[in-house]
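Residue-level listing of the chains:
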Amino acid sequence: MTSSLRLRAGLVSIALLAAFLGVWHLATRSTGTAATMSPEYAKLMGLTATQGKSAMPGPLDVGAKLWEHLKRPFYDNGPNDKGLGIQLAYSIARVGTGYLLAVLVAIPLGFLIGMSPLLSKALDPFIQVLKPISPLAWMPLALYTIKDSSISAIFVIFICSIWPMLLNTVFGVASVRKEWINVARTLEVGTVRRAFTVILPAAAPTILTGMRISIGIAWLVIVAAEMLVGGTGIGYFVWNEWNNLSITNVIIAILLIGIVGMLLDQILARFTRMVTFPE
Amino acid sequence: MSTFDNPFDPDRNLRAGCACGQHRSAAEHEQAAALRCEPVESEEKRYEGVVASAVMRAMFPQDVARRAFLKSVGASTALAALSQFFPLKTATEVFAQGGAPEKKDLKVGFIPITCATPIIMAAPLGFYSKHGLNVEVVKTAGWAVIRDKTINKEYDAAHMLAPMPIAISLGLGANAIPFAVPAIENINGQGIVLATKHKDKRDPKDWKGMKFAIPFDYSMHNYLLRYYLAEHGLDPDTDVQLRSVPPPEMVANLRADNIDGFLAPDNICQRAIYDGVGFMHLLSKEIWDGHPCCSFAASREFITTAPNSFAALTRAIVDATAFASKAENRKQIAEAIAPANYINAPVTVLEQVLTGTYADGLGGVKTDAKRVDFDPFPWQSFAVWMLTQMKRWGQIKGDVDYKAVAEQVYLATDTKKLMTEMGLSPPASAYKSFAVMGKTFDPAKPEDYVASFKIRKAS
């Protein structure tokens, strides 16, 4: 039953994709009406102007270009032109650094806050105010104070991915079932041991859910941050191609950003499943 | 006129006359002060000329004697004779090197537009390495970012709009940090592009209520567009909308009908035409022929901590500018700077901008060899003009010492010295008078100039 459901879902997915590509192809077909202009003038103009080619690339253009990128993902033509593989590696490294720093801060801190109802109430307003701030709002401040664009980008990842983890950790730790803690108390388990053997495993699924939300946010943020600070990374690639009005490359970048984001999410989802327990 | 001095020309005066030595008198020099740097065949040749001039001067303190000598034996014999007992080659090599740079690996930021041509092409065409530098040119996302990165010392020097270093030094829109301009990148090279649907609205008087994009508030683009509109009776603050839009988004916005036109740096103008969304209403050169556009800027701190690196960098830029000013080099330059590592634009578009033979967007092909031109000399009168416009449009409130600011930011004296050392002939004065849309600007009377405009922001 499940295998046939999976098969049918797969077929529907493929059909949807085919329909989407078909519509896209038809919508961006060149109108074919070549404007009348002198050949000398036409030579100086782009295909959009001369052959009525759609300004939006079709799926075939994108496919051909994508193949070109995939064939040589690691080329390096100097500081402003690197292969997509290198750009993605830069972005992932930045996200990884900022995110790990956030994990190192958010989980211990969340643990402490969660174990103390007083602190958790006192800090709540601050967290609530800081949480909804857009990553790009932090950027000028970071650039101005840190005075280094690559560290600023990492800082922005850090500051934006810390809140969901912190909140989830606090919530997870605070809502560990009282019975379990009481049992531990009855058995005279020390505070440290109680934290690691009772509270941590109990709160782990909630904490990991927070981490999963955070990695998604971190990946969203990196593209915006790199568009702003430039230099390297997939966000810079989007900006650079946008400069050249190359929508084809922008679409390819969008596709890749989506795929990498999905992979990161899947990795965290796997971890979450590992720590989930039946009650 | 050639900037390369031929010391073996009997008709040339080597010492008296004007500062550059090309003109018989200072007055004659003034007249020809619209400088064009025309490079000689090769670097060595030019330096050789400088050194040979010095040697000839030492041998014949009297000009009359030198001329008589040259006339009697001929220039080639004189050169051969001179080389016999004076090691011209060695002396030239020693001279060309200058002081060793304190810092060899430099980072220079740029915005991907044709204004940055000298900064960019100096990398692929080897001008930086020729002056002993290893420069990485880094593409940057926008003017505010390039400003912050240069202030933060991530870049040692950068491509900036000509008014930006003045604004930064004055603390407009940022903390006041002393910046300096050793060289202007390009002159001319902007244009007013309108959406194709406005092709019958060529009179600016009909532009009331339209929306225009400019790249940055502290830009020649902003001042020229405002000037142009005001001369046609439109108040740029109330009659039209001016928006600060990053150049690549201008074309997209024009296509999406969010703006009616823009005054943008080139290749953006030509790109709009290339993509069939707009037409060239006017080249900025028709507003003010020879106006500065972008500058090469560095902080005072960099200049004082690494004076030799700075001098070598300036030499490389001046050299590249001189190379770019030659029409026959422009095609080669267009190909060198088109790849994704540099400007990232179709070669045809860059060629049209640099060679000046371009499609106007209305079906015609136009030619204007000076559509964009390159001339490094940082005229202080340019800075004074920009200050008058900042004052006119309320960016500067209160009194401003025009001359002091211009002289602090635009390093005409240092550049002059450097250019003379390089065998180029800079103008004698750092001030020149010029006309913007037929109205003469006298750099000595900036206050009167500001007061003479009917349309301006009340201060």
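Because the structure is a prediction, the values reported are computed rather than measured. (Residues numbered from 1 in each chain as written. Chains lettered and ligands numbered in written order. Predicted model: local features only at pLDDT ≥ 70, side-chain atom pairs only at ≥ 80, totals over all residues.)

**Q** Now, about the overall build of chain B: what can you tell me, with residues and values included?
**A** A count of helices and strands for chain B gives 20 helices and 15 strands. Buried positions account for 54% of the 459 residues belonging to chain B. Within chain B, contacts between residues separated by at least 24 positions form 78% of all contacts whose residues are at least 6 apart in sequence. (Helix = DSSP H or I, 4+ residues; strand = E, 2+ residues; numbered from the N terminus. Buried ≥ 20, exposed ≤ 12 C-beta atoms within 10 Å, placed from the backbone. Contact = placed C-beta atoms within 7 Å.)

**Q** Requested: an account of the interface of chain A and chain B, with residues and values cited.
**A** Between chain A and chain B, the contact holds 29 residues from the first and 31 residues from the second. Where the side of chain A that touches chain B is concerned, the elements lending two or more residues are α2 (39–43), α3 (47–50), α10 (191–229) and α11 (234–243) of chain A. Tallying contributions element by element places α11(A) first for the side of chain A that touches chain B, with 4 residues. A per-class count over the side of chain A that touches chain B returns 14 nonpolar, 11 polar and 4 charged. (Nonpolar A, V, L, I, M, F, W, Y, C, P; charged D, E, K, R; others polar.)

**Q** An account of unusual backbone geometry is requested, with residue identities and associated values reported.
**A** All names here are of chain B. The phi dihedral of Lys-153 is positive, around 70 degrees, even though this residue is not glycine. Among the structural elements, Lys-153 can be located in the loop between α8 (143–151) and β3 (157–161). With 13 C-beta atoms packed within 10 Å, Lys-153 lands in the partly exposed category.

**Q** Kindly report on the UniProt feature "transmembrane region" (unreviewed entry) in chain A, identifying the contributing residues and their values.
**A** Mapped onto the present numbering, the UniProt feature "transmembrane region" (unreviewed entry) falls at residues 98–119, 152–176, 217–239 and 245–264 of chain A. Structurally, residues 98–119 of chain A comprises 95% helix and 0% strand, and the distance from its first C-alpha atom to its last is 26 Å. (UniProt positions renumbered as here; feature names shortened; annotations may be inferred.)

**Q** Tell me about the UniProt feature "domain: ABC transmembrane type-1" (unreviewed entry) in chain A, and please be specific about residues and values.
**A** Annotation from UniProt places "domain: ABC transmembrane type-1" (unreviewed entry) at residues 88–268 of chain A. End C-alpha atoms of residues 88–268 of chain A are separated by 19 Å, and the span's content is 88% helix alongside 0% strand.

**Q** How would you sum up the environment of Arg202(B)? Please name residues and give values.
**A** In this fold, Arg202(B) is placed in the loop between β5 (190–195) and β6 (211–214). With 80 residues separating them in the primary sequence, Arg202(B) and Leu282(B) have C-alpha atoms 9.5 Å apart.

**Q** Give me the packing of α10(A) against helix α12 (residues 247–275) of chain A: which residues, what numbers.
**A** All names here are of chain A. For the pair α10 and α12, interaxial distance at closest approach is 9 Å and the crossing angle is 170 degrees. In terms of their interaxial angle, α10 and α12 are classed as roughly antiparallel. Here α10 contributes Ala-204, Pro-205, Leu-208, Thr-209, Met-211, Arg-212, Ile-215, Gly-216, Trp-219 and Val-223 to the contact with α12, which in turn contributes Ile-257, Gly-261, Leu-264, Asp-265, Leu-268, Ala-269, Phe-271, Thr-272 and Val-275. Its residues placed into classes, the contact of α10 with α12 shows 13 nonpolar, 4 polar and 2 charged. (Axes fitted to C-alpha atoms, helices over the stretch in contact; angles between N-to-C directions. Parallel < 35°, antiparallel > 145°, perpendicular 65-115°, else oblique.)

**Q** Which residues make up α11(A), and what values do they have?
**A** Taking burial as the measure, the 10 residues of α11(A) include 9 buried ones, the bulk of the element. Listed as buried for α11(A) are Ile234(A), Gly235(A), Tyr236(A), Phe237(A), Val238(A), Trp239(A), Asn240(A), Glu241(A) and Asn243(A). Considering only its buried residues, α11(A) is in contact with α5 (84–115), α10 and α12 of chain A together with β2 (134–139) and α11 (247–255) of chain B.

**Q** Break down the sheet that holds strand β4 (residues 179–188) of chain B for me, citing the residues and quoting the values.
**A** Residues and elements named next belong to chain B. Across the sheet, 6 strands lie side by side as β2-β1-β3-β10-β4-β13; this open sheet has mixed pairing. Since the sheet does not close on itself, it has two edges, and those belong to β2 and β13 (372–373), each with one partner. The sheet contact formed by strand β1 (residues 105–110) and β2 spans 6 bridges and is parallel. Residue pairing across strands places Val-108 opposite Val-137, the latter belonging to β2. (Pairing = 2+ DSSP bridges.)

**Q** A description of the pairing of strand β7 (residues 241–244) of chain B should follow, citing residues and the corresponding values.
**A** Residues and elements named next belong to chain B. Examined bridge by bridge, β6 and β7 share 4 bridges and lie parallel to one another. When the sheet's bridge partners are listed, Lys-211 is paired in β7 with Gln-241. Taking the sense of rotation as the criterion, the β-α-β connection linking β6, helix α10 (residues 220–231) and β7 turns out right-handed. (Right-handed = clockwise from strand over helix to strand, strands pointing away.)

**Q** I'd like to hear about the pairing of β1(B), residue by residue, with values.
**A** Pairing of β1(B) with β3(B) involves 2 bridges; the strand directions are parallel. Following the sheet pairing, Val108(B) is matched in β3(B) by Ala157(B).

**Q** Could you give an account of the confidence of the model for chain B, with specific residues and numbers?
**A** Residue and element names in this part refer to chain B. The pLDDT averaged across chain B works out to 82; a share of 79% of its residues lies at or above 70. Ranking the elements of chain B by mean pLDDT puts helix α1 (residues 26–31) last, at 49, and α10 first, at 94. Across residues 14–20 the pLDDT falls below 50, and counting only partners more than four positions away or on other chains, this stretch makes 25 contacts in the model. Here residues 29–40 scores under 50 on pLDDT; set against residues more than four positions off or in separate chains, the count is 35 contacts. (pLDDT = per-residue confidence, 0-100.)

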